[in-house]
Amino acid sequence: MDYQTWLNIIDKIKSGNNSEELLNTLKNAPINNNINELIIPKIEELIKTRFEKRIITITNDLDNIFNDSNYLDLILVNLKKEITFLLEICNLKQLDEDTKNNLKLYLVNKTEQVYDILLKEAKRIDYTGIYEMTIKNNKMKWSK
């Protein structure tokens, strides 16, 4: 796969496309040492940009999220899907082990920060514990 094709696919994914077909295209792409050094920063940027967009969406909608526990549940399920998708991108064979580990660590740390913020807000708003329980039940389970 040539560099421009990589850029096109990365741009499509960066704009919010969760296509398994695009992901499989990246997974099945052979390693091209001539362009690999150019691709790695683009993949890192893709992962961080997609994650930050998801977090901005959540923070902008906090009022609605904490008005309906079903909506909170939906938001958390979508967050988990997004993180799972991004973790799959982290495992691309084009990335060296250090880069993979750094990106995964970034996702784990930032996601845990989001959960902590949501839990604090849930405790502040809801004395019944429904929101807190919803967050804890939908929390990402990290495998070591």
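Quick caveat: nothing in here was measured; it's all calculated off a predicted structure. (Residues numbered from 1 in each chain as written. Predicted model: local features only at pLDDT ≥ 70, side-chain atom pairs only at ≥ 80, totals over all residues. Heavy atoms only, no water.)

Colleague: Could you give an account of the pattern of salt bridges, naming the residues involved and the relevant values?
Modeller: Taken as a whole and assessed by the stated rule, the structure comprises nine salt bridges. Notably, a salt bridge pairs R54 with E82, separated by 3.3 Å at the nearest N-O pair. Of this pair, R54 sits in helix α3 (residues 33-60) while E82 sits in helix α5 (residues 69-90), placing them 28 residues apart in sequence. Since its relative accessible area comes to 2%, E82 is described here as buried. For E97, the salt bridge goes to K100, with nearest N and O atoms at 3.6 Å. With a gap of three residues between them, E97 and K100 both fall in helix α6 (residues 97-125), about one helical turn apart. On the accessibility criterion, K100 (12% relative accessible area) is buried. Here the salt bridges share partners, and the residues they tie into one network are R50, R54 and E82. (Salt bridge = Lys/Arg side-chain N within 4 Å of Asp/Glu carboxyl O. Helix = DSSP H or I, 4+ residues; strand = E, 2+ residues; numbered from the N terminus. Buried < 20%, exposed > 50% of the residue type's maximum accessible area, 1.4 Å probe, protein only.)

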